[in-house]
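Okay, here's what each chain looks like letter by letter:
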Amino acid sequence: MPAFEELYRRYEKRVFRYICTFLHDRAAAEEALSDTMLAVWQGAGSFSQTSRISTWIFGIARHKALDAVRRNVRRRQDVKLDTAADLAHPGINPIDQIQRDQVAVLTKKAIDRLSQDHREILYLVFYEELPYEDIALLLAISVNTVKTRVFYAKQQLKQHLSSLQSGEPVT
Amino acid sequence: MTEPNTLPPDVHQTVALLPWYVNGTLSVADRVTVSSHLQECPSCRTELDELVRVDNQIKQTVSAGPVPSTRLAQTVFARVRQEAQQGQEEVRRTSPVMTEPSTLIADIDRWLRNLFVPQWIPTLVATLLVAQLGVLLWTLSQPSPPIDVGGSVASRGLGLPKARLRVEFQPFASMQQIQTLLQDVHGRVVDGPTTEGAYIMEIPASDPAAIEQNLQALQSRHEIIRHVEALRP
């Protein structure tokens, strides 16, 4: 149990944030995280150690999140997550804070406009900092597809950011 | 997804590696190639600057996002404890000697300690030595029997030959799984744990091929055994 608790503490935020690239409903994301961690506990013996443990855990999380997406599509429940970007950051100059918040809100909106595949791959490259081989393994796609998908995802993000900055009001 | 599986023709192929140049996971060779290309290519340098910005924006946005509630952790831990308890009850039902799957190492450790700690061991060793000496002296004092050339040859072995293995069990392996595995290979734990948490297992070994076969069978049980190797006799 202590080993599992340590593993949980080490991965809970990362796995939850990864799941959030699929799900916009906090309750559904937490349920998927819970299912992932229980599956990790139950399947620990089957971990083959041919891949990194993080890749194995993210693989389980991906399946659980996609299951939840399918369930949610059926239920038509899509409650937006609270954005912590709306929260004040103590100790930061208020003007800087406003600018940061605006950038954060714009980026959040632009990321939300991306397709699921693009959102996921940008998260894996830039937040998780995974090598392209690991991403190919996790998503079960070729290394070439990983590379081109990141290129087009970044292009899309740039387009969304530019259209948000030029035209649409930030709410 | 309908996007092409290649980069646009006007984009340098090096661009495909830039995201991993930014996240620091490129191989040294690729890194050197990208670095030297960047020195000569302004358009790729612009692309790199944009990717660095994207990297920062994504890190900031994701970090500012929500985190799972602490209540969730307690719920998951409670469910895992419940499952562990159910597994424990299952083992109790099937094996009254061993009690708790999650405390395998502690159980074996306790068992070995009990074996080695008692004060009667020195007395027993001394008694056996005296008895062996007595038998040896008696044997030497007897005349040698005639050699029966025509008789059948009997085994002079002291029992079946055994091989010793050094085994590290998976931390999540249950007592029941290990018991079943030991039964499968007719093995038993004879020593341990070492400072690395390994145990010494003894298995019957009629010949080197049989040892190798058993070793491979054990190596394939990844769900129970993390590492196993044969010890030299």
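The coordinates are above.
Here the structure is a predicted model, which means the values were calculated and not measured.

**Student:** Go over the overall build of chain A, please, and point to the residues and values.
**Tutor:** Scanning chain A from terminus to terminus reveals seven helices and zero strands. Taken from N to C terminus, the helices and strands of chain A fall in the order α-α-α-α-α-α-α. Intrachain contacts of chain A at a sequence separation of at least 6 include 69% that bridge at least 24 residues.

**Student:** Mind laying out the interface of chain B and chain A, listing which residues take part and the relevant values?
**Tutor:** Between chain B and chain A, the contact holds 46 residues from the first and 49 residues from the second. Looking at the side of chain B that touches chain A, the elements that each hand over two or more residues are α1 (18-23), α3 (42-63) and α4 (70-94) of chain B. Tallying contributions element by element places α3 of chain B first for the side of chain B that touches chain A, with 10 residues. Its residues assigned to classes, the side of chain B that touches chain A comprises 25 nonpolar, 14 polar and seven charged.

**Student:** Just give me the short version of the sheet that holds strand β4 (residues 225-230) of chain B, but keep the residues and values in it.
**Tutor:** Residue and element names in this part refer to chain B. Taken in spatial order, the four strands line up as β2-β3-β1-β4 in an open sheet, and their pairing is antiparallel. Every interior strand has two partners, whereas the edge strands, β2 (188-191) and β4, have only one. Averaged over neighbouring strand pairs, the angle between their axes works out to 40° when direction is ignored. Sheet analysis places strand β1 (residues 162-169) next to strand β3 (residues 199-204), joined by six bridges and oriented antiparallel. In the strand pairing of β3, R164 is matched with E202. The sheet strands contacting helix α8 (residues 208-219) are β1, β3 and β4, and the helix crosses β4 at an angle near 165°.

**Student:** Describe the environment of L114 of chain A, naming the residues involved and giving the relevant values.
**Tutor:** All names here are of chain A. Here L114 is to be found in the loop between α4 (94-113) and α5 (116-127). In sequence terms L114 and L157 are 43 residues apart; their C-alpha atoms lie 6.8 Å from each other. Apart from residues no more than four positions distant in its own chain, L114 is found in contact with R119, A153, Q156, L157 and H160.

**Student:** I'd love a proper account of the environment of A217 of chain B, names of residues and values included.
**Tutor:** With respect to the helices and strands, the residue A217 of chain B is situated in helix α8. Linking A217 of chain B and V185 of chain B, residues 32 residues apart in sequence, is a C-alpha distance of 8.6 Å.

**Student:** Quick one: what's the story with the pairing of β3 of chain B, residue by residue and with numbers?
**Tutor:** Residues and elements named next belong to chain B. By the alternation rule, side chains of β3 split into Y199, M201 and I203, which are all buried, and I200, E202 and P204, of which none is buried. Pairing analysis gives three bridges linking β2 to β3, with the strands arranged antiparallel. Counterpart to V189 in the pairing with β3 is M201.

**Student:** Can you lay out helix α2 (residues 28-40) of chain B for me, pointing to particular residues and giving the numbers?
**Tutor:** For α2 of chain B, built from 13 residues, the straight-helix expectation of 18 Å at 1.5 Å per residue is met to within 8% by its first-to-last C-alpha distance of 19 Å. By the criterion of burial, α2 of chain B is predominantly exposed, with just one of the 13 residues buried.

**Student:** An account of the nonpolar core is needed here, citing residue identities and associated values.
**Tutor:** All names here are of chain A. Core analysis: the biggest nonpolar cluster contains 54 residues, and V15, I19, L23, A29 and A32 have the highest contact counts within it. If one sorts the elements of this core by residue count, helix α1 (residues 2-20) sits on top with eight residues. The residues touching L23, leaving out its near neighbours within four places in the chain, are A28, A29, A32, A65, A68, V69 and N72.

**Student:** Help me get a handle on the packing of α1 of chain A against helix α2 (residues 26-43) of chain A, residues and values and all.
**Tutor:** Any two packed helices are characterised by how steeply their axes cross, that is the angle between the axes, and by the distance between the axes. All names here are of chain A. Put simply, α1 and α2 touch, their axes get as near as 10 Å, and they point 140° apart. By the angle class used here, α1 and α2 are oblique. Of the two possible hands of crossing, α1 and α2 adopt the one that is right-handed. Counting all contacts with α1, which are made through F4, Y8, E12, V15, F16, I19 and C20, the residues of α2 involved are A29, A32, L33, T36, M37 and W41. Split into classes, the residues belonging to the contact of α1 with α2 amount to 11 nonpolar, one polar and one charged.

Criteria and thresholds
- Residues numbered from 1 in each chain as written.
- Chains lettered and ligands numbered in written order.
- Predicted model: local features only at pLDDT ≥ 70, side-chain atom pairs only at ≥ 80, totals over all residues.
- Helix = DSSP H or I, 4+ residues; strand = E, 2+ residues; numbered from the N terminus.
- Contact = placed C-beta atoms within 7 Å.
- Nonpolar A, V, L, I, M, F, W, Y, C, P; charged D, E, K, R; others polar.
- Pairing = 2+ DSSP bridges.
- Axes fitted to C-alpha atoms, helices over the stretch in contact; angles between N-to-C directions.
- Buried ≥ 20, exposed ≤ 12 C-beta atoms within 10 Å, placed from the backbone.
- Expected span 1.5 Å × (residues − 1).
- Core = buried A, V, L, I, M, F, W, Y, C linked by C-beta atoms within 7 Å.
- Parallel < 35°, antiparallel > 145°, perpendicular 65-115°, else oblique.
- Left-handed = near helix turned anticlockwise from the far one by under 90°.

So, to be careful, I would describe these as geometric facts and stop short of saying anything about function.
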